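Spelled out from the first residue to the last, the chains are:
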Amino acid sequence: MPEGERRHLTVLFCDLVGSTEIASHLDPEDWREIVAGYHHAAAEAIERFGGSVAQYLGDGVMVYFGYPEAHDNDAERAARAGLAILDAITKLNETREHPKLAARVGIDSGPVVVGGGSGKEADVFGDTPNIAARVQAAAEPGTVVITDAVHRLVSGLFVVEDRGAQALKGIEQPIQLYRVVQPSGVRGRLQAVAAVRGLTPFVAREDELRSLMNRWERALDGEGQVVLIIGEAGIGKSRLIQRFHEQIAGTPHTWVEAAAGAFHQNTPFYPVTELLGELLAWRGNESTEEQLAQLESALELAGLKSAEAVPLLAPLLNLPLPAKYPPLALSADQQRRRLLATLVEWAPGAARVQPIIIATEDLHWADPSTLELLQLLVEQGATARLLLLYTARPEFRAPWPPRAHHTQITLNRLSARNVRTMVEEVAARVALSAATVAAVVERTGGVPLFVEELTRAVLESGEAKIIGRKIPVTLHDSLMARLDKLGPAKEVIQVGAVIGGEFSYELLHAVHPIPEEDLQGALRSLADAELLYVRGLAPEATYQFKHALIQDAAYEALLKSRRRDLHRLVASTINDQFPALNEAHPEVLARHWTEAGEIEPAIAEWSRAGEVARAHHAFTEALESYQRALALLNLLPESAERDLRELELRQSEVQMLWVTRGYAAPENRAATERAVVLAEKSGNLTQLVNLMISRGVNAFSSSDLLFASALADQALELAPREGSSNVFARTHMLQILTRRFRGDLSGAEEHFIAGLKFFDDPEFKHFPGAAVVSFAHASLNAWTLGRADVARERENRIVEIAEGNNPFEIAWSTYNRALLRSSAYMRDHQQAEALAERALELSEKNQFPNVAAYSRCVLGIERAGIGRASEGIALIRQGLTDLLAVEARLGIGTFTAYLAAAKAQAGAIIDALATIEEALRTNPDQLFNRPEMLRIRGELRLKHEETEVAEADFREAIALARTMSAKAWELRTTMSLARLLVKHCRRDEASAMLAEIYNWFTEGFDTADLKDAKALLDELVN
Ligand SMILES: Nc1ncnc2c1ncn2[C@@H]1O[C@H](COP(=O)(O)OP(=O)(O)OP(=O)(O)O)[C@@H](O)[C@H]1O
Ligand SMILES: [Mg+2]
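Fair warning: this is a prediction, and the values are worked out from it, not measured in the lab.

**Q** I'd like a description of the overall build of the chain, backed by residues and values.
**A** Of the regular secondary structure elements, the chain holds 46 helices and 16 strands. Rg of the C-alpha trace for the chain: 40 Å, well past the compact-globule value of 31 Å for 1022 residues, more than 25% over. When burial is assessed residue by residue, the chain has 55% of its 1022 residues classed as buried. Total accessible area on the chain is roughly 43,900 Å²; 51% of this is exposed by carbon and sulfur atoms. Each charge sign in the chain was given a centre, from 107 positive and 139 negative side chains, and these centres are 3 Å apart.

Dropping the structure here:
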């Protein structure tokens, strides 16, 4: 690590109070000795808690926790060290002659850069040391004061006193401070968490619990059992034990538990003392006499002789040996052996009184004496009603050989489903988006501790979503500790982290060319440390981070400059040596160039990534790639060349916006407008006309028919000058759309005929939906003009266009066919319903919101048509809401009219009448289906017994249909009118009218309207 590292560091600052004053009364040599004594005592306390002295400044001392090596609890270590230093000073003060020293301790935690140098002399850049010094100065003599940042990391572990927010010299914002009074006495993180905020409801682990229960039942039968629970930090070992404890609450038993401590790896029998304390049920406030009496009776109960056992046990329990017990005349070693023997005898003895569970946690930290005892218990506990529960992290190797009564449980990561449950529980009432939950699942890799902390960090950020690679502060130390433990493999994992969540051995080696044995060794140790999954054998292997948080931590530790260099190296390596990767995944290359700050190649690769994604129909990814290219392009200085590139990218962006957001979406209006500005600057005619049409499509889809028509006419004027098939095709397309909607059905027809020879142009077909739309509207138009067969021919062309595998074209064409077959047009219910269902499914699956909304409306019309009125109403309503969400106002009036019809079917006539009025008001310049809307109103009015106005509606509809030659509407309305006339004894008039329009038709006699008309006619004639 030559050039430095970004780390999270806890800094402790300790200084003597009034030392100048004290020194002035002393001989300098004596003073020097006293200071040395204090330094020595402080250093000892610091070392015990794994800190490293960075610097002595006069009689002050600055200490790092978390560097050069991180531990998963550096803040806790610092606070304990602070208390220990004060204790040590108190001890020094107890010696006679010693001047009364007092010290203050200040602690802060935060992000820093540790630069250059090595080990202790490393320079630290960042506010943390400075803040720690200021906090120290603000502390009362003889106290340890921590900042809010430290407090968050140790909450629950200490009794603290709130010192309020204090302004510190040279620091902008006041900082909330706490005085650390003493350890709170909770054991470990789990208890602290439980005390501070309660535990997350337990999930999963059914098999493990069953296995524990099973062992417990055997133990109850007198077959002593040993269960060792292994798993990485935070995986849930302690929680499993706690859960098991809850589960057996109903069975009488003695439960004692203790944990080996990270700070007590050299304290003999550390957890054993605690276990005994629990076994003796000491509350901590009894006199030594009482304690002794309890010990004696417990020993007797377990069948041990007090006279022999008490002298051995008393020192362990910190009990003064009373006079009635003669001191032991044994060597230290003999004493130890006897003590072990006594302890080993005690457990089964106690188990005779009541079944007993001895839970000893965190064996990876156990002192050798404790381990020896545990091993003896393991070997000799097989015949007692005894269950030994042990937990350890994976680095622990059990020193005992496996036996029949031993079980090992390895805790795996939680499944994604369980993680989701946990996230929901932690988030409680805050609903997190599906994307956030998915991100938590992905980043935490099923480690419950990570799940809790990351979820909480998301909630605390107030954003309710995950931003970038941010690592929760509460996990910094734990993650860094895992990395620091790796030694030389750490650099390998960091290079891997730069390459990505998954990387091949080949690429890693190319980027990080250390000798193969070293690299493979490092990768093996990374897999052993549960940080990477491996697939295949090196050099063919690929590696994947088990959870993104570790990847992020490895990455975040790199200096920004080093990250940039590595990204550049990865990019150029892929570029030069990995043609297949380069070819298939330009987005990977693009990302590396971007992170390397190499804008030019990044833009080029993002553009290419957009094309590749689009070719694979990954429209959202394509859109994102184009947008990333555009964002970088904005960083380049103004130039005509830059503008040209932007113009091209904008057009690609617009097309992807059509697909992913819809033709009318405001984002695509903005992008189109921007492109127009650029095209006007460049004066390129092709671009100008193309953009004019794109604008027209946008205006049309948002129901601004006037503007769309104006643009269509301008395009028509310019097209011959431009001259390309594509522009002709698109111009005719826009003409078909605008003319048809304005009610110029024959004009639309003319443009379709004129456009036909251009519609096969590949460039034209490349515009999403362009060919489908042209044929679809031509088909609907033909039907309206009374040419059902022609309509069906054109429908076949839509089917052909969508025959590829482009899901957008398929969804769009399926929707358009559904509309043609729907009861709004051909009334082929079966086909229409099936097509609408399929279009909806496809567009939801592929996230085409526009198509989905339209399809939902048509499906609603069909459902209402077969009597499922309320379902139909709900579908149309939802469809309308969704259309408005993407600003597709084009179909609002039409579908509102069918909503009115559906409401009438449900019997809500009054409501239906109001709705049809709303429909008629909505898009008044859309004449093409106004006759149909008037007919619907007429039918509704009839139902409401308003015969006269109904008749007026029908007559108005027929008159309007005639002006457009909309034979289909005319026929349908004439039937409505005919039925009304018959009721009022005007049968002859009715049959004459109907015959006239019916006889006009020359095709489509198999369609529902014509069949109905025929039947009605026959009825009228007879
Ligand atoms: N099955 C579970 N359901 C719900 N929460 C869980 C589950 N397992 C663990 N947790 C939560 O995850 C956090 C970490 O669990 P725990 O403290 O048991 O891990 P550990 O394996 O003992 O870690 P360490 O090795 O650091 O002691 C705790 O807050 C715990 O409540
Ligand atoms: Mg634990």
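**Q** Can you tell me about the site of ligand 1, naming the residues and giving the values?
**A** Gly234, Lys237, Ser238, Arg393 and Glu452 are the nearest of the 22 residues found near ligand 1. Contact distances for ligand 1 include 2.8 Å between an oxygen atom and a backbone N or O atom of Arg239. One of the side-chain nitrogen or oxygen atoms of Glu452 is found 2.5 Å away from an oxygen atom of ligand 1. Protein coverage of the free-state accessible area of ligand 1, which is 620 Å², stands at 97%. Residue classes in the shell around ligand 1 are distributed as 10 nonpolar, four polar and eight charged.

**Q** Summarise unusual backbone geometry; cite the residues concerned and give the values.
**A** Pro68 follows Tyr67 through a cis peptide bond whose omega is 0°. Mapped onto the secondary structure, Pro68 falls in the loop between strand S3 (60-65) and helix H3 (74-94). In the Ramachandran plot, Glu945 falls in the positive-phi region, its phi being about 65° despite a non-glycine side chain. Among the structural elements, Glu945 can be located in the loop between helix H42 (930-943) and helix H43 (947-964). Overall, the relative accessible area of 68% leaves Glu945 in the exposed class. Positioned with a positive phi, Ser965 is a non-glycine residue whose angle comes to about 60°.

**Q** Tell me about the environment of Ala839, and name the residues and values.
**A** Tracing the backbone through its elements, the reader meets Ala839 in helix H37 (residues 829-845). You can call Ala839 buried: its relative accessible area is 0%. Linking Ala839 and Ile916, residues 77 residues apart in sequence, is a C-alpha distance of 27 Å. For Ala839, the contacting residues outside a window of four places in its chain are Ala811, Thr814, Tyr815 and Ser855.

**Q** Which residues make up the sheet that holds strand S9 (residues 225-230), and what values do they have?
**A** Spatial ordering of the open sheet is given by S10-S11-S12-S9-S13, a layout of five strands whose pairing is parallel. Either end of the sheet is taken by a strand with one partner, and the two such strands are strand S10 (254-259) and strand S13 (406-410). Recorded for the sheet is a direction-independent mean angle of 15° between the axes of neighbouring strands. Sheet contacts for helix H8 (residues 237-247): S9, S10, strand S11 (356-361) and strand S12 (386-392); angle to S12, the most-contacted strand, approximately 155°. The strands touched by helix H9 (residues 270-279) within the sheet are S10 and S11, with S10 carrying the most contacts at an inclination of about 155°.

**Q** Pulling in residues and values, what's your account of the packing of helix H45 (residues 987-1000) against helix H46 (residues 1008-1021)?
**A** At a closest axis distance of 10 Å, the pairing of H45 and H46 adopts a crossing angle of 145°. In terms of crossing hand, the pair formed by H45 and H46 is left-handed. Residues Arg987, Ala990, Ser991, Leu994, Ala995 and Tyr998 of H45 form the contact with H46, whose participating residues are Leu1010, Ala1013, Lys1014, Leu1016, Leu1017, Glu1019 and Leu1020. Broken down by class, the residue content of the contact of H45 with H46 amounts to nine nonpolar, one polar and three charged.

**Q** Account for the side chain of Arg941, naming residues and giving values.
**A** Counting through the fold element by element, Arg941 comes out in helix H42. Judged by its relative accessible area of 15%, Arg941 is buried. Beyond its immediate sequence surroundings of up to four residues, Arg941 is in contact with Leu913, Glu917, Glu946, Val949, Ala950 and Asp953.

**Q** Break down the sheet that holds strand S14 (residues 502-504) for me, with residues and values.
**A** Within a beta sheet, neighbouring strands are joined by backbone hydrogen bonds and run either parallel or antiparallel to one another. The three strands are arranged S14-S16-S15 in an open sheet whose pairing can be described as antiparallel. Two strands lie at the open edges of the sheet, namely S14 and strand S15 (532-535), each paired on one side alone. Ignoring strand direction, the axes of neighbouring strands in this sheet form an average angle of 20°. Of the pairings in the sheet, the one linking S15 to strand S16 (residues 542-545) comprises four bridges and is antiparallel in character. Counted as the bridge partner of Arg535 is Thr542 from S16. Most of the contacts of helix H20 (residues 516-528) go to S15, to which it runs at about 120°, and overall it touches S14, S15 and S16.

**Q** Tell me about the side chain of Thr974, and please be specific about residues and values.
**A** Its location among the elements puts Thr974 in helix H44 (residues 967-983). Leave out the neighbours within four places in its chain, and Thr974 touches Ile958, Met993, Leu994 and Ile997.

**Q** Residue-level account of the pairing of strand S4 (residues 103-115), with values.
**A** Counting buried positions along S4 gives 10 out of 13 residues, so the element sits mostly inside the fold. Across 12 bridges, the pairing between strand S1 (residues 5-16) and S4 is antiparallel. In the strand pairing of S4, Asp15 is matched with Arg104. Here S4 pairs with strand S6 (residues 144-147) via three bridges, running parallel. When the sheet's bridge partners are listed, Gly106 is paired in S6 with Val145.

The rules behind each value
Residues numbered from 1 in each chain as written. Chains lettered and ligands numbered in written order. Predicted model: local features only at pLDDT ≥ 70, side-chain atom pairs only at ≥ 80, totals over all residues. Heavy atoms only, no water. Helix = DSSP H or I, 4+ residues; strand = E, 2+ residues; numbered from the N terminus. Rg over C-alpha atoms; globule rule 2.2 N^0.38 Å. Buried < 20%, exposed > 50% of the residue type's maximum accessible area, 1.4 Å probe, protein only. Areas by Shrake-Rupley, 256 points an atom, 1.4 Å probe, with all protein chains shown as cover. Lys, Arg positive; Asp, Glu negative; His and termini not counted. Charge placed at Lys NZ, Arg CZ, Asp CG, Glu CD. Near = heavy atom within 4 Å. Polar contact = N/O pair within 3.5 Å; in protein donor to acceptor, adjacent residues only side chain to side chain. Nonpolar A, V, L, I, M, F, W, Y, C, P; charged D, E, K, R; others polar. Contact = heavy atoms within 4.5 Å. Pairing = 2+ DSSP bridges. Axes fitted to C-alpha atoms, helices over the stretch in contact; angles between N-to-C directions. Left-handed = near helix turned anticlockwise from the far one by under 90°.

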